[in-house]
Amino acid sequence: MAPSLFGRRRRVAAAVPLAVALLLTGCSGAASSGAADASGDQLLTIPREDMGTFTRNFNPFSPNVAPMTQQAIYEPMFVYNPADGSTTPWLATEWTTAEDGLSVTFTLRSGVRWSDGEPFTAEDVAFTFPLQKELLGGYEYLESVEATDERTVTFTLNRPFSPALFELGKQVIIPRHVWEDVADPAKDTNPEPVGTGPYTEVANFQSQSFELMPNPNYWQPEKQRIAGIRMLAFAGNTGANLAATNGEVDWAPQFIPNIQESYVAHDPEHRHYWFPPTGAMINWHMNTTKAPFDDPAVRKALSQAIDRETIVEVGMNGYTEPADCTGLSGGYELWRDQSLVDSCDWTTFDAEAAGKALDEAGYPMGPDGTRTMPNGEPFAFDISVGSSSSDWLSVANIISQNLAEIGVTANVDSPDWPAVSADYENGTFDTGIVWSGNGPTPYEFYRDSMGTERVKPVGERALENYHRYGTEEADRLLAQFAATSDEAEQRAVVNDLQALFAEHAPVVPLFPGPEWGAYTDVRFTGWPTAENPYATLSARASTTVLVLTSLTPVTG
Amino acid sequence: MRFILRNLGFYLIAFWTSITLNFLLPRFMPGDPVSRMFSQAQDQMRPEQMDELRRLFGLDDRPLWEQYLSYVGNVFTGEMGTSISRFPTPVSEVIGSQIGWTLLLGATALLIAVVVGNLLGVLAAWRRGGPLDSALPPLLVFVGSFPYFWLAMGALYLFGVTLGWFPLRHAFDVGLTPEFSWPFLSNVASHLVLPALTIVLVTIGGWMLGMRNTMIATVAEDYITMAEAKGLRPGRIMFRYAARNALLPSVTNFGMALGFVVGGALLTEVVFAYPGVGYQLLDAVQGLDYPLMQGIFLTITAAVLVANFVVDIIYVRLDPRVRAR
């Protein structure tokens with residue numbers, strides 16, 4: 001039998017030169033689309049760096065929905081832009097909150113049609129919310145949604161809750177006439193979506209890329225200037241950044257290290273980036289159920305001992321800015337109390353003052369240069385960060401070095417993220433670097449950082465407020481905020497909340513998360529910039545639709 | 001026949017062990033897929049949604065043994081559940097849509113490495129101490145000892161970015177629709193060159209050295225001397241007498257490598273954004289997507305075991321000595 005196998009083997013050997021020849025001939029046709037296409041029909045090409053492959057799932061209720069579903073296919077009633085604090089009416093033209101704060105009424109835009117030609121009505125809105133609530137939860141303050149006429153929707157709340165307006169407004173609306181026939185909306189993949197958005201027609205769906213072509217019935221056809229959107233799948237930032245560097249994508253909404261040299265320098269005339277610090281605040285969380293973190297003087301002293309300028313420059317590539325003692329990210333610029341910022345000092349680097357504060361609080365420096373706790377144990381703890389977040393890891397390392405200088409030992413502990421967040425959730429961690437809640441108003445941030453509503457005892461699973469700190473004073477202010485929709489009154493309450501945060505230091509704010517965004521205007525112009533911040537450069541935000549309806553293709 | 005049956009028993013036990021490990025390991029990992037998704041989405045997801053998601057994914061809180069029993073049952077019916085990171089796509093569909101590319105990449109690279117490597121091994125041993133024998137093995141071992149990731153990135157940078165000879169990513173150009181036509185197939189082939197080439201570069205040294213060493217031992221055998229004494233043509237002695245006998249260990253290795261084709265190209269797929277199951281495995285592990293992880297592991301395990309079983313059978317035919325026990 002052996003000879004026959006050997007014979008087969010020889011045949012395989014003979015096939016090798018052929019295969020090599022085939023591979024070599026293949027090379028000639030290897031030119032990728034990188035040239036500047038300016039026919040006017042060029043597709044807006046956007047990479048998605050965290051999806052190695054796409055699955056054809058355009059169900060907006062799915063947690064793994066295909067990119068652009070919430071941005072280009074389905075639309076919300078209004079678009080809130082954290083970059084300039086403006087609100088743009090979208091599917092709704094007006095909205096009012098009742099005097100008692102118990103109901104919100106939206107007036108819908110007339111003349112809007114779904115991509116299949118059916119009219120968009122208040123029934124669609126009234127259908128969307130209960131479904132969203134049933135499938136994904138949330139909206140626990142929502143009593144009922146009613147279409148009072150063709151173009152009016154009234155939301156009844158079970159308690160006055162002013163932040164509701166923004167949550168209701170940003171919910172994307174789905175067509176009732178399509179979804180009421182879907183047997184199991186949670187599991188449907190919605191392969192042929194029907195939406196009101198500018199780009200709804202799925203074309204050429206492959207696992208590595210797909211295209212969205214214009215909605216034939218869009219309500220503002222004069223803004224559908226681009227021929228279509230093409231999404232590319234990448235198994236990580238490296239591949240997506242390579243495509244950006246090579247000029248193969250128009251929009252690079254992902255983290256690019258050393259962006260000036262690795263991206264802009266290849267074509268400084270056309271390539272730009274803008275990282276507005278409007279993301280969630282990144283905080284150093286301390287487990288306030290453990291000594292010494294239960295002492296606000298210690299939290300403030302440790303905060304004062306760390307050099308945020310270096311953290312931002314070295315750890316974050318200089319892409320963001322140091323936080324101040326209001327804890328508010330750049331998205332809340334309009335709410336920030338500047339006089340408070342100027343008056344408090346625990347977020348300003350001063351190692352000497354920090355050391356003195358610790359001496360006074362009863363954490364003396366020993367003769368060996370390390371501090372001890374009042375009970376004589378060494379002042380040492382862990383900073384836990386997920387090993388895959390290299391930027392935050394270097395932030396933790398800088399904190400650790402800073403603290404060593406005032407005699408405090410902070411070990412950077414970096415297992416995989418699931419292990420880190422498990423410790424955060426059950427309250428067994430010492431300290432960690434954690435993002436915060438980020439909503440259109442500062443309500444969410446302060447509720448999660450110092451309201452008692454989200455505080456769980458150690459051992460019980462917490463999903464927010466990992467640091468387990470809450471004061472009733474904050475609850476009182478938060479309730480006041482939720483009860484009023486008067487802007488002056490809200491502002492007064494937020495000022496009090498800021499002062500309370502500065503006093504208690506529930507978490508140590510480090511820097512606001514930047515929203516990554518880079519673009520080349522070789523093929524498309526009209527991008528948002530720091531000078532014209534009509535949207536952020538994020539491709540996953542609710543403002544993305546503003547970018548899609550503002551771009552103009554370069555022709556000729 | 002008894003030999004095959006005995007082996008079959010062994011393979012069944014191995015299969016059972018691996019599916020049991022496959023069941024247990026992900027469950028010992030800290031965290032759960034929903035809180036993982038929550039922490040990844042950062043501020044995009046509300047905590048109230050998490051319980052709903054758990055319900056939606058059908059994450060079970062039944063006792064472990066009950067989950068295990070239904071898991072084993074499902075393994076035999078081929079029902080692998082629904083992927084969490086690609087919800088609501090069934091695991092079998094996720095794997096099915098990607099595995100073709102992985103097989104194409106892995107099989108091409110393996111075939112080239114095995115054929116060329118063995119051929120070089122035969123030639124090197126035949127001209128022992130000659131230029132081929134003294135230059136190539138150290139060179140290939142040197143290349144093969146590079147960290148693979150680095151080598152792949154280097155090749156990508158040099159041949160893709162700088163020289164622009166080969167495409168940088170994906171299995172074919174964006175905008176093309178898969179079809180059986182010359183332009184499409186040649187496009188696929190050009191996308192295959194760099195990923196396959198890098199795998200061949202790191203693996204070929206092993207094949208060559210293995211073949212060379214067995215071949216040297218074989219060439220020293222008496223029957224080769226006799227064949228030479230009879231005045232047979234050197235080419236005939238080299239291939240028909242020596243190489244044929246020296247091939248046996250390579251066949252075993254080939255069987256093992258065949259099994260690893262499914263899971264072995266993970267890094268390649270990540271570097272070249274090649275749409276195969278390797279990247280999906282990484283994705284599944286990072287997202288704690290148990291069903292998908294188990295599905296892929298199961299596929300890999302099955303592939304390795306089946307390939308080995310087949311090689312065992314072939315081996316019996318090739319070398320009667322294994323039967324005589």
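As named in an unreviewed UniProt entry, chain B is Peptide/nickel transport system permease protein, taken from Allostreptomyces psammosilenae. Listed under Sequence similarities (unreviewed entry) in UniProt, the entry text for chain B is "Belongs to the binding-protein-dependent transport system permease family." Under the UniProt heading Subcellular location (unreviewed entry), the note attached to chain B is "Cell membrane".

In the nomenclature of an unreviewed UniProt entry, chain A corresponds to Peptide/nickel transport system substrate-binding protein from the organism Allostreptomyces psammosilenae.

1. Let's talk about the pairing of strand 5 (residues 92-97) of chain A
Residues and elements named next belong to chain A. Summarising the sheet, strand 5 and strand 6 (residues 103-108) pair through 5 bridges and their orientation is antiparallel. Within the sheet, the bridge partner assigned to Thr96 lies in strand 6 and is Thr105. The antiparallel hairpin formed by strand 5 and strand 6 contains 5 residues in its connecting segment, where Gly101 sits at a positive phi of about 75°.

2. Observations regarding the state of the cysteines
Residue and element names in this part refer to chain A. A full pass over the atoms with the stated rule returns 1 disulfide over all chains. Here Cys325 pairs with Cys344 through a disulfide, and the sulfurs are 1.6 Å apart. Because the torsion about its S-S bond is -55°, the bridge between Cys325 and Cys344 counts as left-handed. In this pair, Cys325 is assigned in the loop between helix 9 (308-315) and helix 10 (338-343) and Cys344 in the loop between helix 10 and helix 11 (351-361), connecting sequence segments 19 residues apart. Of the residues examined, Cys325 reaches a relative accessible area of 0% and is grouped as buried.

3. Focus on the packing of aromatic side chains
Ring pairs (aromatic) are described by centroid distance and by the angle formed between their planes. All names here are of chain A. Enumeration according to the criterion identifies 51 aromatic pairs over all chains in this entry. Centroid distance Tyr139 to Tyr141: 6.2 Å. Interplanar angle 80°. Geometry classified as edge-to-face. What makes Tyr141 buried here is its relative accessible area of 1%. Where Phe161 meets Tyr443, the ring centres are 5.3 Å apart and the plane angle is 85°; that geometry is what we call edge-to-face. Of this pair, Phe161 sits in the loop between strand 8 (152-157) and helix 4 (164-170) while Tyr443 is found in helix 14 (residues 443-450), placing the two residues 282 residues apart along the sequence. Like Tyr443, Phe161 is buried.

4. A short note on the domain arrangement of chain A
Frequently, the measure chosen for interface size is the accessible area that the parts lose on association. Residues and elements named next belong to chain A. For chain A, the assigned domains are domain 1 (20-68 + 198-276 + 516-553), domain 2 (78-179) and domain 3 (281-512). On a C-alpha basis, the centroid separation for the pair domain 2 and domain 3 is 35 Å. When the buried area of domain 2 at its contact with domain 3 is split by residue, Tyr80, Ser162 and Pro163 rank highest and sum to 41% of it. Remark: the boundary between domain 2 and domain 3 carries 6 residue pairs in polar contact (both at pLDDT 80 or more). Across the side of domain 2 that touches domain 3, the residue classes tally to 6 nonpolar, 3 polar and 2 charged.

5. Remarks on a nonpolar patch on the surface
Judged by side-chain polarity, B:Leu5, B:Leu8 and B:Leu12 come together as a nonpolar surface patch covering roughly 280 Å² of accessible area. Tracing the backbone shows B:Leu8 in helix 1 (residues 2-28).

6. Some words on the confidence of the model for chain B
Here chain B shows a mean pLDDT of 82. Residues at 70 or above account for 91%. Within chain B, the element-level pLDDT minimum falls on helix 2 (residues 33-41) of chain B, averaging 67, and the maximum on helix 8 (residues 182-219) of chain B, averaging 89.

7. Concerning the nonpolar core
Residue and element names in this part refer to chain A. Among the nonpolar cores identified, the biggest contains 107 residues, and Phe129, Phe155 and Leu212 are the most heavily contacted of them. Take this core: its biggest share by element is 8 residues, from helix 3 (residues 122-136). Once residues lying within four places of it in the same chain are set aside, the contact partners of Phe155 are Met77, Leu102, Ser103, Val104, Phe106, Val125, Phe129, Leu142, Ser144, Val145 and Leu168. Counting 41 residues, the second-largest nonpolar core is a separate cluster that includes Ala305, Ala354, Met373 and Trp392.

8. Topic: the UniProt feature "domain: Solute-binding protein family" (unreviewed entry) in chain A
If you check UniProt for "domain: Solute-binding protein family" (unreviewed entry), the listed places come out as residues 88-448 of chain A in our numbering. Each end of residues 88-448 of chain A is marked by a C-alpha atom, and these two atoms are 27 Å apart; helix forms 29% of the span and strand 20%.

9. Focus on the pattern of salt bridges
Residue and element names in this part refer to chain A. This model, assessed by the stated rule, comprises 19 salt bridges over all chains. Of the charged contacts, one joins Glu211 and Arg230 as a salt bridge, the two residues approaching to 3.0 Å between their closest N and O atoms. Placement of Glu211 in strand 10 (residues 209-214) and of Arg230 in strand 11 (residues 229-235) is noted, with a sequence separation of 19 residues between them. Residue Glu211 is classed as buried on the basis of its relative accessible area, which comes to 8%. Assessed through its relative accessible area of 16%, Arg230 is described here as buried. Between Asp448 and Arg447 there is a salt bridge, with its nearest N and O atoms 3.0 Å apart. The buried category is assigned to Asp448, whose relative accessible area is 6%. Of the residues examined, Arg447 reaches a relative accessible area of 11% and is grouped as buried.

Cut-offs and rules
Residues numbered from 1 in each chain as written. Chains lettered and ligands numbered in written order. Predicted model: local features only at pLDDT ≥ 70, side-chain atom pairs only at ≥ 80, totals over all residues. Heavy atoms only, no water. UniProt positions renumbered as here; feature names shortened; annotations may be inferred. Pairing = 2+ DSSP bridges. Helix = DSSP H or I, 4+ residues; strand = E, 2+ residues; numbered from the N terminus. Disulfide = S-S within 2.5 Å. Buried < 20%, exposed > 50% of the residue type's maximum accessible area, 1.4 Å probe, protein only. Phe/Tyr/Trp six-rings, centres within 6.5 Å; stacked < 30°, edge-to-face > 60°. Domains from an automatic or database assignment. Buried area = accessible area lost by both parts, 1.4 Å probe. Polar contact = N/O pair within 3.5 Å; in protein donor to acceptor, adjacent residues only side chain to side chain. Nonpolar A, V, L, I, M, F, W, Y, C, P; charged D, E, K, R; others polar. Patch = residues over 30% accessible without salt bridge, like charges linked within 9 Å, V, L, I, M, F, W, Y side chains within 5 Å. Areas by Shrake-Rupley, 256 points an atom, 1.4 Å probe, with all protein chains shown as cover. Salt bridge = Lys/Arg side-chain N within 4 Å of Asp/Glu carboxyl O. pLDDT = per-residue confidence, 0-100. Core = buried A, V, L, I, M, F, W, Y, C linked by side-chain atoms within 4.5 Å. Contact = heavy atoms within 4.5 Å.

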